[in-house]
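In case you want the letters, here they are:
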Amino acid sequence: PPEALIAQMDYAGIQTAVLQNDHIYGDLAEYFATARARFPNRFIGLANVDEAFAYRDEQIERLHRSVGELDMQGLYYTLSGFFRNGYSQYFSAPAYYPFWDAVQALDIPVFWVFLGDSPAGGFKEEMGLFRRWLERYPQIPSVLVHGLPTTLFADDEDRLILPDYMAEIMRGFPVYSEVLYPIAWGGKTDYPFARAQDHIRQLCDLVGPDRLVWGSDMPNVERYCTYRQSRSYLGYCDFLDDDNRQKILGGNLGALFAAD
C-alpha cells in the first residue's frame, strides 16, 4: 500500500518517488493514479503499454488514457515485451511511428529498459536501434533504466572508456542514465559501495552530472541494503558539490516532469 512506501520514503529523506513497473507486476496505472490522488506530490506514475503491439490503435488509446485520464507523466518501455511478437520487429521500425508520434505530442519522457543481449544483438546493437529512434525523435527525453552498463566499458584497471556510439548518444541527445548500483552490485560489495562511487565519479567526468538520475529499485534493493542506504551512499561521493548532488538526487528528473 502507498502508506508503507511513504513511511519508507520519509525515513530515507525522499520527497517524491517515480513509480514504474514491469509487466510481471501487472498494469498498475490505475493503482498509481489512486495513490497520486490520495497523496499529492509524493508520487509520479509511469504508463506502460504492450510494447510489441504499441502501433495498434488500442495501445495508442491506452497511452492517451493513462496520460490524459490517469495523469501518468511518463512511459515505461521495456524491450523484453517484444517476446510477444517473437522479436520480429523492434520499436524503431516504421510501423511504430504513429505510437511515437503520440508520445511526442503528449510531451512525456520515456523510461527505457534495454536487455543488452537480445535477438537484436548485444548492447551496442540495441544502442544502434536507439540512435536511429533518437534521430527521428530528438525532442523526446529518455531515461536509461538501470543505467549505463559501466562494467561493460571498464578496462582492466576499472577505468571507464565510453565508446563513440555511447558518447554520441549521451552528449548529443536528451538521454539520462539512472544511477542504480546497489541493486546490481550490493550482493558483491559492501556499503558504501566504493567501486560504485568511483564509477559515478568517472560518469560525471564523461557525461556530466546533468545526465545522471538517482534510482533505488525499491523494494527489491532491500535484499542488499536499506532504502535509506541506497540513497545515502552518494553522500560519500566527495567529488560532488551540493549543486551537482542535488541534480542527481532529483533536480534532473524534476526538470523532465516540470509540467507538474
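Residues numbered from 1 in each chain as written. Predicted model: local features only at pLDDT ≥ 70, side-chain atom pairs only at ≥ 80, totals over all residues. Heavy atoms only, no water.

### A word on the sheet that holds strand 3 (residues 74-78)
And then number 1: An order of 1-2-3-4-7-8-9 is seen for the seven strands of this open sheet, with the pairing classed as parallel. Taken across any chain shown, the strands that pair with only one partner, and hence form the sheet edges, are strand 1 (17-19) and strand 9 (212-214). Each neighbouring strand pair of the sheet contributes to a mean axis angle of 30 degrees, computed without reference to strand direction. (Pairing = 2+ DSSP bridges. Helix = DSSP H or I, 4+ residues; strand = E, 2+ residues; numbered from the N terminus. Axes fitted to C-alpha atoms, helices over the stretch in contact; angles between N-to-C directions.)

### Overview of the layout of surface pockets
And then number 1: Approximately 390 Å³ is the volume found for the second largest pocket.
And then number 2: Residue lining of the second largest pocket: 22 residues in total, with Val145, His146, Gly147, Leu148 and Pro149 positioned closest to the centre.
And then number 3: Residue assignment for the lining of the second largest pocket shows that the elements contributing at least two residues are helix 6 (150-153), strand 8 (175-179) and helix 8 (181-185).
And then number 4: When residues in the lining of the second largest pocket are grouped by element, the largest group, four residues, is from helix 8.
And then number 5: Residue composition of the lining of the second largest pocket, by class: 14 nonpolar, six polar and two charged. (1 Å grid on protein atoms, 1.4 Å probe; cavity = no way out; pocket = protein on both sides within 12 Å on 5 of 7 lines; lining within 4 Å. Points joined across faces, edges and corners; volume = space filled by probe spheres on them. Nonpolar A, V, L, I, M, F, W, Y, C, P; charged D, E, K, R; others polar.)

### So, the environment of Ile248
And then number 1: Along the chain, the position of Ile248 falls in helix 11 (residues 242-256).
And then number 2: Between the alpha carbons of Ile248 and Asp50 there is a distance of 30 Å; along the sequence they are 198 residues apart.
And then number 3: If sequence neighbours within four positions are ignored, Ile248 has contacts with Val179, Cys204, Pro209, Leu212, Val213, Trp214, Leu234 and Leu240. (Contact = heavy atoms within 4.5 Å.)

### As for the state of the cysteines
And then number 1: Within the structure shown, the criterion is met by zero disulfides.
And then number 2: Looking at the unpaired Cys204, the closest cysteine sulfur is the one in Cys237, lying at 7.8 Å. (Disulfide = S-S within 2.5 Å.)

### Quick look at the packing of aromatic side chains
And then number 1: The final tally for this structure, using the stated rule, is 27 aromatic pairs.
And then number 2: One cation-aromatic arrangement involves Arg56 over Phe53; the distance from NZ or CZ to the ring centre is 4.1 Å.
And then number 3: Over the face of the ring belonging to Tyr11 we find Arg228, whose NZ or CZ atom lies 4.7 Å from the ring centre. (Phe/Tyr/Trp six-rings, centres within 6.5 Å; stacked < 30°, edge-to-face > 60°. Lys NZ or Arg CZ within 6 Å of the ring centre and 35° of its normal.)

### Things to note about the nonpolar core
And then number 1: The biggest cluster of nonpolar side chains holds 78 residues, and the ones touching the most others in it are Leu75, Tyr77, Phe91, Trp100 and Phe130.
And then number 2: Of all the elements, helix 5 (residues 123-136) adds the most residues to this core, at six residues.
And then number 3: Beyond its immediate stretch of four places on either side in the chain, Trp100 contacts Leu75, Tyr77, Phe91, Val110, Trp112, Trp133, Tyr137 and Ile140.
And then number 4: Within the second largest apolar cluster, twelve residues are counted, among which are Leu46, Phe111, Val145 and Phe257. (Core = buried A, V, L, I, M, F, W, Y, C linked by side-chain atoms within 4.5 Å. Buried < 20%, exposed > 50% of the residue type's maximum accessible area, 1.4 Å probe, protein only.)

### Considerations on the pattern of salt bridges
And then number 1: Tallying each qualifying case throughout the model produces 17 salt bridges.
And then number 2: One salt-bridge network, in which partners are shared between bridges, spans Glu30, Arg65 and Glu69. (Salt bridge = Lys/Arg side-chain N within 4 Å of Asp/Glu carboxyl O.)

### Digging into unusual backbone geometry
And then number 1: A cis amide bond, omega 10 degrees, links Tyr191 with the succeeding residue Pro192.
And then number 2: Residue Pro219 is bonded to the preceding Met218 through a cis peptide linkage, with omega at 10 degrees.
And then number 3: Among the structural elements, Pro219 can be located in the loop between strand 9 and helix 10 (227-232).
And then number 4: One non-glycine residue, Asn41, adopts positive backbone phi at about 75 degrees.
And then number 5: Take Asn41: it is sitting in the loop between helix 2 (29-38) and strand 2 (43-47).
And then number 6: On the accessibility criterion, Asn41 (57% relative accessible area) is exposed.
And then number 7: Unusually for a residue other than glycine, Tyr87 sits at a positive phi of about 55 degrees.
And then number 8: In this structure, Tyr87 sits in the loop between strand 3 and helix 4 (97-106).

### Some points on the environment of Val213
And then number 1: Considering the arrangement of structural elements, one finds Val213 in strand 9.
And then number 2: Each C-alpha atom of the pair Val213 and Gly250 lies 6.9 Å from the other, and the pair is 37 residues apart in sequence.
And then number 3: Beyond its immediate sequence surroundings of up to four residues, Val213 is in contact with Val143, Tyr176, Ser177, Glu178, Val179, Ile248, Asn252 and Leu253.

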